Amino acid sequence: MCGIISVLSFRDNISKDLISALERLEYRGYDSAGIAYFDENSNLQRIRTVGKVKLLKEVVQKFDIKSNIGIGHTRWATHGKVTEFNAHPHVADGVAIVHNGIIENYQELRNSLISEGYEFESETDTEVVAKLIASNIKSGKDFIEAFKSAISKLSGTFAIVAIYEKEPNLLLGAKKGSPMAVGLSSDKQSCYIASDAVALSTLADELAYLEEGDIVVVRKFDHLSFEIFENGKDKIEREIVPNKVSLNDVAKNGYESFMLKEISEEAMVARRTFERFKYDINLSKYDSVSIVACGTSYYAGLLSKYWIEEIAKVHVDVEIASEFRYRNPVFSKNSLYIFISQSGETIDTLCAMRLVKEAGIKTLALVNVETSSIAREADIVVKTEAGVEIGVASTKAFVAQTLSLLMMCKKDIDIEAIERSINSVLNSQYDFAKMANKLKNSKSLFYIGRGTNYPISLEGALKIKELSYISAEGYPAGEIKHGPIAIIDENVYTIALAPFDNHFEKTISNTQEILARNGKIFLITTENSRELLHGLDKHEKVDSLFLPEIYSLYQPFALTTVIHLLAYNTAKAKGYDVDKPRNLAKSVTVE
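Rules of the game
Residue numbers restart at each chain and count upward from 1, following the sequence in its written direction. Whole-chain, interface and lining totals are the exception, using all residues; otherwise, since this is a predicted model, local features are given only for residues with pLDDT of at least 70 and side-chain atom pairs are given and counted only at 80 or more. Computation of side-chain values covers all heavy atoms of the structure but excludes hydrogens and water. Numbering of helices and strands runs from the N terminus, with a helix taken as a DSSP run of H or I at least four residues long and a strand as a DSSP run of E at least two residues long. For the radius of gyration, the atoms used are the C-alpha atoms, and the globule rule reads 2.2 Å times the number of residues raised to 0.38. Three exposure classes are used, based on accessible area relative to the maximum for each residue type with a 1.4 Å probe and protein chains only: buried under 20%, partly exposed in between, and exposed over 50%. The contact rule is simple, with two residues in contact once any of their heavy atoms fall within 4.5 Å. Note on areas: Shrake-Rupley with a 1.4 Å probe; residue coverage comes only from the protein chains shown. His residues and chain termini do not enter the charge count, which takes Lys and Arg as positive and Asp and Glu as negative. Charge positions come from single atoms, namely NZ of Lys, CZ of Arg, CG of Asp or CD of Glu. DSSP-based pairing: two strands are paired if at least 2 bridges between them are found. Here is how to tell: hold the view so the strands point away, follow the path from the first strand over the helix to the second, and if it runs clockwise the crossover is right-handed. What the arc measures is the spread of directions leading from the helix axis to the C-beta atoms. Lining residues are those with an atom within 4 Å of a point, where the points come from a 1 Å grid over the protein atoms alone and group into cavities, where a 1.4 Å probe fits but cannot get out, or pockets, open sets with protein on both sides within 12 Å along at least five of seven lines. Grid points are joined across faces, edges and corners, and a volume is the space filled by probe spheres set on the points.

### Description of the overall build of the chain
In terms of regular secondary structure, the chain is built from 17 helices and 25 strands. On C-alpha atoms alone, the chain measures out to a radius of gyration of 25 Å, which is about the 25 Å that the 2.2 N^0.38 rule sets for 591 residues. Principal-axis analysis of the C-alpha atoms places the extent of the chain at approximately 85 × 55 × 45 Å. Buried positions account for 61% of the 591 residues belonging to the chain. At a minimum sequence separation of 6, the contacts of the chain that also span at least 24 residues come to 70%. Entry remark: accessible area of the chain is about 23100 Å², with carbon and sulfur atoms responsible for 46%. If you average the places of the 69 positive and of the 80 negative side-chain charges in the chain, the two averages end up 2 Å apart.

Set out below in structure tokens:
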């Protein structure tokens, strides 16, 4: 969600590093941004703006900043409105901090600090941390001990970085629940603490990822060094790994948006996922499989339920992670729990996995980041091969997840057929822009499908909501008549996913029910169904898109690309930012 970047350097132009990293962190979703640094006289300075990082950049460029230590942040509001006062960094008596996550006991700490005489300028939970560190320093502790003591009093999830103007050669960080990495520049002239590898893609070649409870201390004397303390106490070595995020990963490479670039990579991602899938997972040996995830990853799990039950003959439950641990789930010892997360840091999914591990049940992480918290804690890790995904609305990661899940239960995949089906959409002349112009003024939309097309309809509705802010619902086609059909009229469009398969005729019957109520249909089907439509595609209220004939097992991949392009074009038609939809965050690290 929020993004953190911080630097301690022998160079005095660290503001450039802060701003460039914040620009790369925009993909995480945010509403304000800011930096804090010590000037040439070791005085703490702070600049904050509401809105995009480019606004912060414009302000920063007005100053001739010479500093070798600083912190930066992109905020996604949790406590308090979107205002400059609530933007990070937060300061107190020469201490400045940035924070990702939520401090659950902040009100209790705030009341205690008020009783000490502290006044608060923001509505955030974060400001209490800065003042708590300052209070500890006032009581006689040095900066490091004051920081450790403050961290020990916090409940919740967080990644926190702090600087203190009387210790300008120290940079401190702490992790609990939110991701954090530390790295040195290749010339050893700068050391960074950041919320993810993307922020450091051009700054650090190697990284150490902090574990739960770790505190990192970066020092600058005759050289730069960092030490990591497990639970803030004993010094510990964490593995140094290459930063695999390249400049190419975080560049648009000629595309008008990251989302369009990432949709265009869906066929390539499918091929790469197929070629790199080396995992030997026998789902049939388990009594049941449970899949736990959120958002798009949850829909990937719903899709795989059809495949796993049909192919592996194993019962599958699919659970929403944010609900899972609040209903006292009953566990079966011979079960496999699969946890899906693109970032590997989704806090609801992580907490659900920890509950399952406490029960002694086997866990498998399906993630795009091998160094993530979920990957590090799972018994088995399957890495999806989506590559870096910058667009907030997940697209190519969904393809990698669904294909990985299919390959867990079926080894003989015809990857050429999947590639052809996706490319038939990517290379087509289908006029998505024309259809988007019809959809853009809709107040509400339905996506319907049967079988594996139902989870794809859910994904389609989610993407339209995320990007176009149109109220949309995905429904099993047969459920329309059980209530939702009441709102069908001449102003409501239904996107019907009806490729030729075993459910085709029933889905077409459902579209007829909608047309009988004057609803409008965007029919997505396949060429081998054309004669079976009996002229339905010529109906005045029907727009049709015919895909090439596709084996039913692989139809979801072509349909995925269709619904992604439709959502993209609808948002574009409405003039919205497809890469940074309002109110959303890429990696949800708060409950």
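### Section: the pairing of strand S18 (residues 335-341)
Among the seven residues of S18, seven are classified as buried, and the element is accordingly described as predominantly covered. Neither face of S18 is open: one carries Ser-335, Tyr-337, Phe-339 and Ser-341, the other Leu-336, Ile-338 and Ile-340, and all of them are buried. Alignment of S18 against strand S19 (residues 362-367), held across six bridges, turns out to be parallel. Counted as the bridge partner of Ile-340 is Leu-366 from S19. Each parallel crossover has a hand, and the one from S18 via helix H10 (residues 347-358) to S19 is right-handed.

### Re helix H7 (residues 266-276)
Among the residues making up H7, those that are buried are Glu-266, Ala-267, Val-269, Ala-270 and Thr-273. Down the axis of H7, the buried side of the element spans an arc of 160°, and every buried residue falls inside it. Each element contacted by the buried residues of H7 is listed here: helix H6 (258-264), helix H12 (396-409), helix H13 (415-426) and helix H17 (555-573).

### What about the layout of surface pockets?
Here the largest pocket is characterised by a volume of approximately 1000 Å³. The element best represented in the lining of the largest pocket is H7, accounting for three residues.

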